[in-house]
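For reference, the chains in residue letters:
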Amino acid sequence: MAISSASLISSFSHAETIAKPPRIDTANPPNPILLISKCTSLRELMQIHAYSIKSHLHYDVSFITKLVNFCTESPTTSSMSYARHLFDAMSKQDIMIFNSMARGYSRSETPLEAFTLFVEILEDDLSPDHYTFPSLFKACAAAKALEEGRQLHSLSMKLGLDDNVYVCPSLINLYTECEDVDAARCVFDRINEPCVVSYNAMITGYARRNRPNEALSLFREMQGKSLKPNEITLLSVLSSCSLLGSLDLGRWIHEYAKIHGFCNYVKVNTALIDMFAKCGSLDDSVTLFEKMRHKDTQVWSAMIGAYANHGEAERSMLMFERMRCENVQPDEITFLGLLNACSHRGLVEEGREYFSRMVNEFKIVPSIKHYGSMVDLLGRAGRLDDAYRFIDSLPINPTPMLWRILLSACSSHNDLKLAEEVSVRIFELDDSHGGDYVILSNLYARNKKWRDVDSLRKVMKDRKAVKVPGCSSIEVKNVVHEFFSGECVKSRNTKLHRALDEMVKELKLAGYVPDTSMVVHADMSDQEKEIAVRYHSEKLAIAFGLLNTPPGTTIRVVKNLRVCRDCHNAAKLISLVFGRRVVLRDVQRFHHFGDGRCSCGDFW
DNA sequence: ATAGGGTTAG
């Protein structure tokens, strides 16, 4: 098979600048195929290609395949563009070369090119095979192109290529990446005998889409079938433990990993460090971390982030120094951890310094998340105007999330005027987020503007914006128990509610005064308001912990929203009155309560 | 040639 035009090389824009043909022993010409295997750069590859044409050496589809494979191995804009020239120039196209192209595109900046090219070749007489669809699904997953993915899915079914060990996992991955987890589950359920890779794809999908319980239940099912989990299974299971804060299961996975030799994997160790930190046992993270001989960027970032979430900014910063001493390059996530650390401790100058070092010294382009961290850093520290100006100065259009972070800072610092202004900016962009209305409405309530509270609640209802209910969970004897705010307020006779009432009574003796300032209803009596905060989910979970765990042991609670001021006060007193350490993970960070104090120093 | 650790918006 021949290249259709020998002028291909000169038609490629970079060709002139690199044309320095290799020296050729004309008596004994080298085989271009062997040259490719020694090739180290795209430039060299172009030279080899030029040489193969000029010297009229024999080349065939396997030669072109090797050239294209080289280009798609680590795809860049120019290597993919060169590969595309090679592909387009072929007089008769070949499915193996297309597969290589699709694989390259799927990992490139422009994944959907794979789909576009596929549509083009469909008109030619080229039959896709088992290797074609995984790359295409991966491309659609990367581009979050659900519609294109669905089209390809039905085509693969029509061609009878959907029931295959390579195709199924990539199909599951496509649907979970496009946030259609249930479609992914349908694919999974239709597999006759799912292999480990398919289980992994489905478990990972659940974990990534914040459905850890379903991930874990599949993991158990897998073990029931005596399918042997591999290191990838453990990574997803560990990330599910992290989401749930399930320390018991996390420890069990750690033992399992030790027994089955998975602790040699750097990634598994990183996931373990992260899991221990997110399940509230920072000490275990540190122990594992210090034992690791080879530490890469991710391991350092995990530890920096772990200290940050536990409010230990100094240790985060120390970690960064150590990392630099050992010559490990930080990346954008390392800096997210550092900014987060500074933000939780109100270290505005240090945070600004890291931001500017990230940009100037390490040449990392800030992402929207870094901007968010900066708004949080400034806003939380009470520099609300600076935060506002920061958002205004950005080179991008502010997202609702950036304003939302500022709104939440307005709420911490009770700045109703700015909060109203910021809310307007948010609602212009997105008026469906219930949490925004709640923050503003609580601010009105705190300032006794009951009429505004009522009208805002009405607006919220009209726009059908719903608030995520507060939920706290606690793990006791391997079982995770969940509590929702205000749950079973009517059925006051349960053991738990009696325990909670008892707990509040004792706290009051120690000086606890319920803080009802954020309760929004003007027409409630003081007693009703007190009841409203008494049944907050975190108090329910802590009371459950007091009731069901041995005296003196640590109570670990995970909450899905930020902890409220009243619950924070109550937890401090609980740690004193009942002699318990309470570790509370809220959506933002950890609070360690002990001896009547909290590790956050009441700054959160 | 399929699944993949640290961030994921409070």
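In this text, all values refer to a predicted model and were calculated from it rather than measured experimentally.

Student: Can you help me understand the UniProt feature "repeat: PPR" (unreviewed entry) in chain A in this one?
Tutor: What UniProt calls "repeat: PPR" (unreviewed entry) maps, in this numbering, to residues 94-128, 195-229 and 296-330. End-to-end, the C-alpha atoms of residues 94-128 are 10 Å apart, and along that stretch the chain is 66% helix and 0% strand. Overall, residues 296-330 shows 74% helix and 0% strand. The separation of its end C-alpha atoms is 9 Å.

Student: Would you explain the protein's contact with DNA strand B in this entry?
Tutor: Around DNA strand B, the structure places 39 residues, and the nearest of them are K278, Q298, D331, K369 and M401. Counting only the atoms of DNA strand B that lie within 4 Å of the protein, the sugar and phosphate share comes to 35%. Separating a phosphate oxygen of DNA strand B from a side-chain N or O atom of D274 is a distance of 3.4 Å. One of the backbone N or O atoms of V587 is found 2.8 Å from a base nitrogen in DNA strand B. Looking at the surface near DNA strand B residue by residue, the class counts come to 17 nonpolar, 12 polar and 10 charged.

Student: Would you take a moment to explain the packing of aromatic side chains for this structure?
Tutor: Aromatic ring pairs are reported here in terms of the distance separating the ring centres and the angle at which the planes meet. Going through the model one piece at a time under the given rule, you end up with 20 aromatic pairs. Connected via pairs of aromatic rings, a cluster forms that spans F87, F98, F118, F133 and F137. Over the ring of F289 we find K295; its NZ or CZ atom is 5.0 Å from the centre of that ring. Lying across the ring of F427, R463 places its NZ or CZ 5.3 Å from the centre.

Student: Just to check I follow, could you spell out unusual backbone geometry for this structure?
Tutor: Trans peptide bonds make up the majority, and among non-glycine residues the majority have a negative phi. Phi angles above zero are rare outside glycine, and N414 is one such case at about 50°. Position of N414 relative to the elements: it lies in the loop between α25 (400-412) and α26 (416-429). Its relative accessible area of 31% is what places N414 among the partly exposed residues. Of note in this structure, K448 is not a glycine but carries a positive phi near 60°. Inspection of the secondary structure assignment puts K448 in the loop between α27 (434-446) and α28 (450-462). The exposed category is assigned to K448, whose relative accessible area is 61%.

Student: Explanation requested: the confidence of the model for chain A in the structure shown.
Tutor: Regions with low pLDDT carry predicted coordinates that are not meant to be interpreted in detail. Here chain A shows a mean pLDDT of 90. Residues at 70 or above account for 93%. Per-element averaging of pLDDT across chain A places helix α2 (residues 15-18) at the bottom with 42 and helix α19 (residues 297-309) at the top with 98. For the stretch residues 1-19, pLDDT sits under 50, and the model shows 37 contacts to residues farther than four places along the chain or on other chains.

Student: What is the right way to look at the nonpolar core in this model?
Tutor: For soluble globular proteins, nonpolar side chains are generally found buried alongside one another. With 146 residues, the main nonpolar core has F98 and L406 as its most contacted residues. The element that contributes the greatest number of residues to this core is α19, accounting for 8 residues. Here this core spans two domains, since at least three of its residues come from each of domain 1 (1-91) and domain 2 (93-191). Excluding anything up to four places from it in sequence, F98 contacts F87, A114, L117, F118, I121, T132 and L136. Core analysis: the next-biggest nonpolar cluster, separate from the first, contains 31 residues, V504, A543, V557 and W604 among them.

Student: Just to check I follow, could you spell out the pairing of strand β3 (residues 555-559) for this structure?
Tutor: For a regular strand, side chains alternate in direction, first toward one face of the sheet and then toward the other. Burial of β3 is extensive: 4 of the 5 residues sit out of reach of the surface. The sheet contact formed by β3 and strand β4 (residues 582-585) spans 4 bridges and is parallel. Directly across from R556, in β4, lies its bridge partner V583. One crossover worth recording links β3 to the parallel β4 by way of helix α32 (residues 565-577), and it is right-handed.

Student: What exactly am I supposed to notice about the sheet that holds β4 here?
Tutor: Hydrogen bonding along the main chain pairs the strands of a sheet, whether they run parallel or antiparallel. Taken in spatial order, the 6 strands make up an open sheet running β2-β1-β3-β4-β5-β6, and their pairing is mixed. Each edge of the open sheet carries a strand with a single partner, namely β2 (479-484) and β6 (597-598). With 2 bridges connecting them, strand β5 (residues 590-594) and β6 associate as antiparallel partners. Counted as the bridge partner of G594 is R597 from β6. Along the sheet, helix α31 (residues 537-548) contacts β1 (471-476), β2, β3 and β4; its crossing angle with β1, the most-contacted strand, is approximately 15°.

Student: Explain the pairing of β4 here, please?
Tutor: The alternating pattern of β4 places V582 and L584 and V583 and R585 on opposite faces, both of which are buried. As defined by bridge partners, β4 adjoins β5 across 4 bridges and the pair is classed as antiparallel. Across the sheet, R585 pairs through a bridge with F590, a residue of β5. A loop of 4 residues connects β4 with β5, the two strands running antiparallel in sequence.

Student: Is there a simple way to explain the domain arrangement of chain A in this structure?
Tutor: Quoted interface sizes are often the accessible area lost when the parts come together. With domains assigned, chain A is organised as domain 1 (1-91), domain 2 (93-191) and domain 3 (471-598). A C-alpha centroid distance of 49 Å is found between domain 2 and domain 3.

Student: Can you walk me through the packing of helix α7 (residues 95-106) against helix α9 (residues 132-143) in this structure?
Tutor: Helix-helix packing is characterised by the crossing angle of the two axes and by the distance between the axes. Packing of α7 against α9 leaves a shortest axis separation of 8 Å and a crossing angle of 20°. Judged by the angle between their axes, α7 and α9 are roughly parallel. Crossing geometry of α7 relative to α9 is assigned as left-handed. Where α7 abuts α9, its residues I95, F98, N99, A102, R103 and S106 lie against T132, S135, L136, K138, A139 and A142.

Quick notes on the rules
- Residues numbered from 1 in each chain as written.
- Chains lettered and ligands numbered in written order.
- Predicted model: local features only at pLDDT ≥ 70, side-chain atom pairs only at ≥ 80, totals over all residues.
- Heavy atoms only, no water.
- UniProt positions renumbered as here; feature names shortened; annotations may be inferred.
- Helix = DSSP H or I, 4+ residues; strand = E, 2+ residues; numbered from the N terminus.
- Near = heavy atom within 4 Å.
- Polar contact = N/O pair within 3.5 Å; in protein donor to acceptor, adjacent residues only side chain to side chain.
- Nonpolar A, V, L, I, M, F, W, Y, C, P; charged D, E, K, R; others polar.
- Phe/Tyr/Trp six-rings, centres within 6.5 Å; stacked < 30°, edge-to-face > 60°.
- Lys NZ or Arg CZ within 6 Å of the ring centre and 35° of its normal.
- Buried < 20%, exposed > 50% of the residue type's maximum accessible area, 1.4 Å probe, protein only.
- pLDDT = per-residue confidence, 0-100.
- Contact = heavy atoms within 4.5 Å.
- Core = buried A, V, L, I, M, F, W, Y, C linked by side-chain atoms within 4.5 Å.
- Domains from an automatic or database assignment.
- Pairing = 2+ DSSP bridges.
- Right-handed = clockwise from strand over helix to strand, strands pointing away.
- Axes fitted to C-alpha atoms, helices over the stretch in contact; angles between N-to-C directions.
- Parallel < 35°, antiparallel > 145°, perpendicular 65-115°, else oblique.
- Left-handed = near helix turned anticlockwise from the far one by under 90°.

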